[in-house]
Amino acid sequence: MAELARIKMPDNELEELCGQLDEILGYVSEVQRADVSSVPKHILPPLRNVFREDGEAHEHGIFTEAIMANVPSSEGGYVKVKKILEK
Amino acid sequence: MKEIDLKTLTIQKAQDGMESGEFSAEELTGVYLTSIKVKNPELNAYLSVFDDAINEAKEIDQKRARGEKLGTLAGIPIAIKDVIMVKGREVRAASKVLSGHIATYDATAVVKLHQAGAVLLGMTNADEFAMGASNENSAYGPCRNPHDPSRVSGGSSGGSACAVAADMALAALGSETGGSVRYPAALCGIVGLKPTYGAVSRYGLMPMASSFNQIAPAAKTVADTETIFNIIRGRDDKDANSLEPVFANSPNPKIIGVPNFSPEGMDERVRNNYELSVERLGKLGYEMKEVKLESLRYAVACYYILVPAEVSADMARFDGVRYGAHIDGANLLEDYGMTRGVCFGKEVRRRVILGTYVLSAGYYDAYYYKAARVRELIRRDFVDIFKQVDAIVMPTSPRPAYKLGEISSNPLLLYLEDIFTAPANLAYIPAISVPSGTVREDDVDLPLGLQIIAPHLREDVLFDIGKKFLGEK
């Protein structure tokens, strides 16, 4: 699960966490006892259109500098990441 | 230095004081900044303080001198929880993963506070990404209870509640997911409001569990809480789930529901205090009516499936690539794992992994899907009950403030602290916590809170009952 969640954890902590998760899952399994037969299988909240009209939300590029200042690694206005395809 | 009695100061009194020339906005902000300097080293309510707040206050004074029209909060010093964006300031969600992160824009609620003339004092401590009930999950040390610094402030908006209770701010913004303002407000002895889901724009609030999150005000009085709420609420194009306010006829609640809900582990002193509160409401002329809310017993279980599920999705953006911290690994995948493993605290990791589990293919139906239907059951139960009563009262927390470390070593025990607060979040409805007296422990008077819950978008009912309960005009 930790791998799936992209979280690297030391083995000793994983062990502690497993015990805690067992306890938490044991408790939350309580929901399985609830009788939900009165609730439809597919709950649809009231739907309404939340889309705005097409068009520019703001002037192009006005946030770029501030946003890029928070990026750990960047080059020439681009976010820099390691390559993901091996030769 | 000007003497201002902060203990009894309210927004209205502060406005009267500035209007009559008794003190200026600059002096008021100065007194609060001094109070922070004196008290914060011990209480750790603020993670950062805006020393330049004094300049904002001076501007208000100049506007007043020029006879310009001033907003409702002109010169009022307010604290902001470290999960709400304030442009140009370091906003870290009390997490190492956002260390050094400078907010690039203002949250809509912050824009509205500024427009009303508020002076922002700084960013307040919280549990990391607002995950926790004791403020002990902050990466920058716990916030302490002003009534007894060896005890927790409550969380997750512990810094906001502590700042208001210890006169380090006149009011504060916190945020709610499962009681994160009401609970610390109760433990610190102030008022905390959880607005209806959608009543206040979430734009600029760091998402933790998007179908629950709300920006939520805290103050010393119900009237001050109402003032802040009226300023920050309303529909916002930047939050698709935000709602237009409903202006109902003036509220005239008469019948208050008392649920037959008495969970295990509830402190006897809390039960007694609650019974006294129910009695007091009866004497105030309300008809107190016992109500059945059978689904409440599933609330915490339901909450701790749905919230971690949403957490696991909302936390995905913290990858060491786009903002904040980055820990280098051998390749991109390792960068993700290292950054998230090292820079997320224990509770955040626990919730992300728990959420990943309840959403995984083999377990989705048994956990997430079932819990989503239970949530709907709880919502409907409240809708049905509100056909019989105008509001419901419950305690806010099952116990008064406890010692640091006393229960935080057991995550499940801490989750169960949400037992009275989580139902309103699950049902999308508003609730308020108001001080309901104290219990004496170790020669300290520890505050308790009474929680009032109202139907969807009926915050006015909460303010009405809350003011009568506290004897506010």
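None of these values were measured; they are calculated from a predicted model.

Section: helix α15 (residues 459-470) of chain B
Residues and elements named next belong to chain B.
Piece 1. Across its twelve residues, α15 extends 16 Å between first and last C-alpha, which sits within 8% of the 16 Å expected from 1.5 Å per residue.
Piece 2. Along α15, the residues classified as buried are E459, V461, L462, F463, D464, I465, G466 and F469.
Piece 3. Buried residues along α15 sit in contact with α7 (222-232), α8 (268-283), β11 (391-395), β12 (431-441) and β13 (444-453).
Piece 4. G471, located one to two residues past α15, shows a positive phi value of around 70°.

Notes on unusual backbone geometry
All names here are of chain B.
Piece 1. Omega for the peptide link from G155 to S156 comes to 10°, which places this bond in the cis form.
Piece 2. Tracing the backbone through its elements, the reader meets S156 in the loop between β5 (148-152) and α5 (158-165).
Piece 3. One non-glycine residue, A93, lies in positive phi territory at about 55°.
Piece 4. The residue A93 is located in the loop between β2 (77-81) and α4 (108-115) in this model.
Piece 5. Positive phi values are uncommon outside glycine, yet N135 reaches one of about 65°.
Piece 6. When you line up the elements, N135 lands in the loop between β3 (119-124) and β4 (144-145).
Piece 7. Residue N135 is classed as buried on the basis of its 35 C-beta neighbours within 10 Å.

Some words on the environment of P435 of chain B
Residue and element names in this part refer to chain B.
Piece 1. In this structure, P435 sits in strand β12.
Piece 2. With 37 residues separating them along the chain, P435 and E472 place their C-alpha atoms 12 Å apart.
Piece 3. Contacts of P435, omitting those with residues within four sequence positions, involve G189, I190, P447 and G449.

Some thoughts on the interface of chain A and chain B
Piece 1. Every contact between the two is made by 36 residues of chain A and, on the other side, 43 residues of chain B.
Piece 2. Of all the secondary-structure elements, those providing two or more residues to the side of chain A that touches chain B are α1 (11-28) and α2 (64-69) of chain A.
Piece 3. The element that contributes the greatest number of residues to the side of chain A that touches chain B is α1 of chain A, accounting for seven residues.
Piece 4. Here the residues of the side of chain A that touches chain B are counted per class, giving 26 nonpolar, four polar and six charged.

Definitions and cut-offs
Residues numbered from 1 in each chain as written. Chains lettered and ligands numbered in written order. Predicted model: local features only at pLDDT ≥ 70, side-chain atom pairs only at ≥ 80, totals over all residues. Helix = DSSP H or I, 4+ residues; strand = E, 2+ residues; numbered from the N terminus. Expected span 1.5 Å × (residues − 1). Buried ≥ 20, exposed ≤ 12 C-beta atoms within 10 Å, placed from the backbone. Contact = placed C-beta atoms within 7 Å. Nonpolar A, V, L, I, M, F, W, Y, C, P; charged D, E, K, R; others polar.

This is a description of form; function is not addressed.
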